[in-house]
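Here are the chains, one letter per residue:
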Amino acid sequence: MLAAHPSGLRCRPYYPHSSHFSLSSRCKHSLSSNSPRFLASGKSSKLCSLSLLLSRRTYSERFTVKSSAAEPEVSEPVANDAVPSFPQAVSVKIPFGDRHILVETGHMGRQASAAVTVSDGETIVYTSICLADVPSDPADFFPLNVNYQERFSAAGRTSGGFFKREGKTKDHEVLVCRLIDRPLRPTMIKGFYHETQILSWVLSYDGLHFPDALAVTAAGIAVALSEVPNSKIIAGVRVGLVGDKFIVNPTTQEIEDSDLDLVLAGTTDAILMIEGYCDFLSDEKLLQAVQVGQDAVRAICNEVEALVKKCGKPKMLDTIKLAPPELYKHVEEIIGEELVKVLQIKNKIPRRKALSLLEEKVLTILTEKGYVSKDESVGTVETIPDLLEEEDEDEEVVVDGEVDEGDVHIRPISRKPTPLLFSEVDVKLVFKEVTSKFLRKRIVEGGRRSDGRFAHGIRPINSRCGLLPRAHGSALFTRGETQSLAVVTLGDKQMAQRIDNLEGDDEVKRFYLQYSFPPSSVGEVGRIGAPSRREIGHGTLAERALEPILPPDNDFPYTIRVESTITESNGSSSMASVCGGCLALQDAGVPIKCSIAGIAMGMVLDTEEFGGDGTPLILSDITGSEDASGDMDFKVAGNEDGITAFQMDIKVGGITLPVMEKALQQARDGRKHILAEMKKSSPPPSNRLSKHAPLIHIMKVNPEKINLIIGSGGKKVKSIIEETGVEAIDTEDDGTVKITAKDLSSLEKSKAIIGNLTMVPTVGDIYRNCEIKSIAPYGVFVEIAPGREGLCHISELSSNWLAKAEDVVKVGDRVDVKLIEVNDKGQLRLSRKALLPETDGENVPKDGSSEEKTHQPKAKVGAPKLMGSPKSNSAEDTLPPQKKVKVFKRPASPAKDGPYTNKDRTKKSSSKAVSSLSSKDGSSLVDGEAKIG
């Protein structure tokens, strides 16, 4: 409907989803980029009152003006019950590696600025984008918020926890949010401040096609179709390497055999973001993978561009607000010379304080006092058009002292120029950009960085190991003003990180790194709470970088936790976590395959602007200011021969493969230098298990004997734990038994008991000096070995008839017995009578055929398996493909266990394992009789 405006323009409401309105027909008579949307025509508009200007600002948030000359008359308003106009539903197929994905828009989320549903096989991702009606205050970052969620209903299941509704964003979802966010930001137009939100849900998951790279592409399509102004269309793909063949968007089955897991996002002609993990991949292979991914991204972007031409919405270019161009010149005039000196300060904190003082100076001059440009000469004349009214030439009166020059009056003005004032927000934004410009200029022109280094230079490195006496392993790694305190904790499977995911099987991580970035690391005050998205992302990068150097579980059966606390930060703290974590692992006695290091690379892309030859300048080991002012942040971890993890973010339109190749070569040289410095650690890593670390021993027994160790309802294994004092006993269906203990004596006791429980007795064996454990009406139970009992029936106690067993023996007595039978259930039948003489009842002396059992004869017990020692002998049976782990842990005692107490977790784990066992185990304990086999 038509709206009246005080300026006389006809205005209509702006419906962003209606195809009847286009950007090209909007009013273009803008006085400046900061003007409101409603603009009056003619000179009379310059007499608007303050209230009218305010009303214009209010209307500008809800309406878009169209020129009255090009605007036809609008018909009467339609009835309220008319059908609303929505975008037309469109479905297209787009190449996605060796297959096609289905992109649909207009079917769902029609009230959003744009919404798309992208399907890859039976994996479906729905993504929407919306933006606020009113722009936010200008800032030095684009107000973009990304949320990604994997709903359990997508896989036909629900959460395994107490709460069945999806709640807090999981770490994996946070990582995908970052994958979506990072390539989109460089493509957003500067000066657009409408808050933008991208929501992405996995609605269906087939277990075969990854949803994360699909979500990146879906977000790029949604932004391209929306009104949000962006410079390029982006898409994302995953690249794997199976054998010597690169696979674009491999399936979950193919990625298991892949030596590379690379996620790449970019445009038709440049790379914006890469992140990946590999097993010491060479630089050449990585570049080939990036080239393959870039070709796939280009094909997707070309198809999306055709889709945008068909159903894309006009971009809100008229809402872009930029600082006045002359403000850049004024800021440089005020602080240019001082800024050059401040940027030469080497230490971060003094330089930051000096920059803050300069910023305050600029703000005071440009927002309070006013500024007069140096180029403005004194005594100039000013040309002033008549702004008040249009006067008739015949009635024009020439004032004394003025010269008639036609329609323009030239009159003398005051010799004092009028000071210029600007908004505080604009001044702050321009100050930051000018500071970045001067820093880049210093690096290119002078060849020196703020701390005096050349482009290839690495900051001084210092490292110490073993500085925390009670920790299992610790290291303090310092590189310049960046410092990481890495601490390693070793434990059993109860310490492993459990993850509830769409696969349905609870994933267990035996190695994880947790990164923490307190505000004190940069000398600031801030809130401490849950880990931020940045902390989760940096921790995962360092974790995946260290993972390839860890020993297999069979050689080192520990769960490993690494904590990296950043105590100082001035760039590349995640790579400091890699270096510190590697040293801490060695200090904890973890037999790593080799040492690795990490380095962050930066770049100044346009060197020609500052007098260079135009070749991009690559910077090694960048600081925080170089990261903020540069064009690239490229983190690479590995050793001299290959790469284990990498992450690259581009802050400009993208980079090409030659630039990336140069950065990789320079990064390899930097890693070599850092590894050499890490070898100089003083004190060096101990390379042995700490005396405070738990001991873990691995045994292999006959899989059929596992139930004997556990017992009915877990009674037997609990009794072993209580009797020996070990921490936990883990059993697996393949016959693997892991014993976790704090000391060697308790470990040896539990080994002996388990060995005797799983030994295979032979009929005719004689056992001497065996203790009677209990008495029943039908006989006595005799312990022939620790934890192994058999029944001596009352008829086998004596040569004479007995009314009750107590007539000849009592609990605690020690007797000699002979094994006379092992039944089908593995129960032992013993006889004392067989060893008694038929006349005087005295014991038969030992003969050569008798044998006294000590430890298990067939399931041998090896030495404790620590620090990658050889495995114990395994049973003859073939290991089944599926392993079911049963964990039993000693009940925690605050007085005995100290800091290791965890009552709730222990109780929950034990009960779960016992319940899963009792339904499977057909044996039971009847009147105290142990069943064998």
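Remember, it's a predicted structure, so these values are computed and weren't measured experimentally.

What counts and how
- Residue positions are counted from 1 within each chain, in the order its sequence is given.
- In keeping with the model being predicted, local features are shown solely for residues with a pLDDT of at least 70 and side-chain atom pairs are shown and tallied solely at 80 or more, while totals for entire chains, interfaces and linings include all residues.
- The side-chain quantities take in all heavy atoms of the structure and omit both hydrogens and water.
- The way it works is that DSSP assigns letters per residue, a run of H or I at least four long becomes a helix, a run of E at least two long becomes a strand, and they are numbered from the N terminus.
- Remark: exposure states derive from per-residue accessible area (1.4 Å probe, protein chains only) relative to the maximum for the residue type, with buried under 20%, exposed over 50%, and partly exposed in between.
- Contacts between residues were defined by any pair of non-hydrogen atoms, one from each residue, lying within 4.5 Å.
- The Shrake-Rupley method, run with a 1.4 Å probe, gives the accessible areas here. Residue values count only the displayed protein chains as cover.
- Any two strands between which DSSP finds at least two bridges are classified as paired.
- Lines are fitted to the C-alpha atoms to define the axes, a helix being fitted only along its stretch in contact, and any angle between axes, read from their N-to-C directions, falls within 0 to 180 degrees.
- By definition, a salt bridge exists where a carboxyl oxygen of Asp or Glu is found within 4 Å of a side-chain nitrogen of Lys or Arg.
- Stacked, tilted and edge-to-face are the three classes assigned to paired rings of Phe, Tyr and Trp, where Trp is represented by its six-membered ring and a pair needs centres within 6.5 Å; plane angles under 30 degrees give stacked, over 60 edge-to-face, the rest tilted.
- The rule is short: NZ of Lys or CZ of Arg within 6 Å of the ring centre and within 35 degrees of the ring normal puts a charge over the ring.
- The labels follow the angle: roughly parallel below 35 degrees, roughly antiparallel above 145, roughly perpendicular from 65 to 115, and oblique for the rest.
- Working rule for handedness: look at the near helix, and if it is turned counterclockwise from the far one by less than a right angle, call the crossing left-handed; if clockwise, right-handed.
- Side-chain classes are defined by residue name, with Ala, Val, Leu, Ile, Met, Phe, Trp, Tyr, Cys and Pro counting as nonpolar, Asp, Glu, Lys and Arg as charged, and the others, Gly among them, as polar.

Visitor: Please clarify how the overall build of the protein should be interpreted in this entry.
Guide: Each helix and strand counted, the protein has 17 helices and 36 strands in total. Looking at the protein as a whole, 49% of its 933 residues are labelled buried. Sequence separation of at least 24 residues holds for 72% of the intrachain contacts in the protein that already meet a minimum separation of 6. Surface exposure of the protein reaches about 45,000 Å², of which carbon and sulfur atoms provide 51%.

Visitor: Explain the sheet that holds strand β25 (residues 617-620) to me, please; I cannot follow it from the model alone.
Guide: Strand pairing in a sheet relies on backbone hydrogen bonds, with the paired strands running either antiparallel or parallel. What the eight strands build is an open sheet, ordered β11-β10-β12-β13-β27-β26-β24-β25; its pairing is antiparallel. A strand with exactly one partner marks an edge of an open sheet, and here the two such strands are β11 (245-248) and β25. The average angle at which neighbouring strand axes cross in this sheet is 20°, direction not considered. Sheet topology note: the strand β24 (residues 597-604)/β25 ladder contains four bridges and is antiparallel. Counterpart to M603 in the pairing with β25 is I618. Relative to the sheet, helix α3 (residues 212-225) contacts β10 (235-242) and β12 (260-266), its axis offset from that of β10 by approximately 155°. Of the strands in this sheet, β12, β13 (271-281), β26 (632-638) and β27 (643-650) touch helix α9 (residues 533-546), which is tilted by about 150° from β27.

Visitor: What exactly am I supposed to notice about unusual backbone geometry here?
Guide: Outside of glycine, negative phi angles account for most residues, and trans bonds account for most peptide bonds. With an omega of 0°, the peptide bond running from S682 to P683 counts as cis. One non-glycine residue with positive phi stands out, namely N249, at about 50°. Along the chain, the position of N249 falls in the loop between β11 and α4 (252-256). Here N769, not a glycine, exhibits a phi torsion of approximately 55°, which is positive. Tracing the backbone shows N769 in strand β31 (residues 766-776).

Visitor: Looking at this structure, how should I read the pattern of salt bridges?
Guide: Pairs may arise between side chains of opposite charge once their charged atoms sit close together. In this structure the tally under the stated criterion is 41 salt bridges. For E173, the salt bridge goes to K170, with nearest N and O atoms at 3.4 Å.

Visitor: Please clarify how the packing of aromatic side chains should be interpreted in this entry.
Guide: What characterises a pair of aromatic rings is the spacing of the ring centres plus the angle enclosed by the ring planes. This model, assessed by the stated rule, comprises five aromatic pairs. Between the aromatic rings of Y126 and W201, the centroid separation amounts to 5.6 Å while the plane-to-plane angle is 10°, which identifies the pairing as stacked. Of the two residues, Y126 is situated in strand β7 (residues 123-131) and W201 in strand β9 (residues 196-204); the sequence distance between them amounts to 75 residues. With respect to burial, Y126 and W201 carry one shared label: buried. Where F556 meets Y558, the ring centres are 4.7 Å apart and the plane angle is 40°; that geometry is what we call tilted. If you follow R534 out to its NZ or CZ, it ends over the ring of F517, 4.3 Å from the centre.

Visitor: Honestly, the environment of R99 in this entry has me stumped. Any pointers?
Guide: Within the fold, R99 resides in strand β5 (residues 99-105). Considered as a pair, R99 and D120 are 21 residues apart in the sequence and their alpha carbons are 8.6 Å apart. Those residues in contact with R99 that lie beyond four places of it in its chain are I94, D120, H209 and N249.

Visitor: So what exactly am I meant to see when it comes to the packing of α9 against helix α10 (residues 573-587) here?
Guide: Where α9 meets α10, the axes come as close as 9 Å, and the angle between the chain directions of the two elements is 40°. In terms of orientation, α9 lies oblique with respect to α10. Of the two elements, α9 crosses α10, and the hand of that crossing is right-handed. Residues R534, H538, L541, A542, A545 and L546 of α9 lie in contact with α10, whose contacting residues are S573, S574, M575, S577, V578, G581 and C582. Class assignment for the residues of the contact of α9 with α10 results in seven nonpolar, five polar and one charged.

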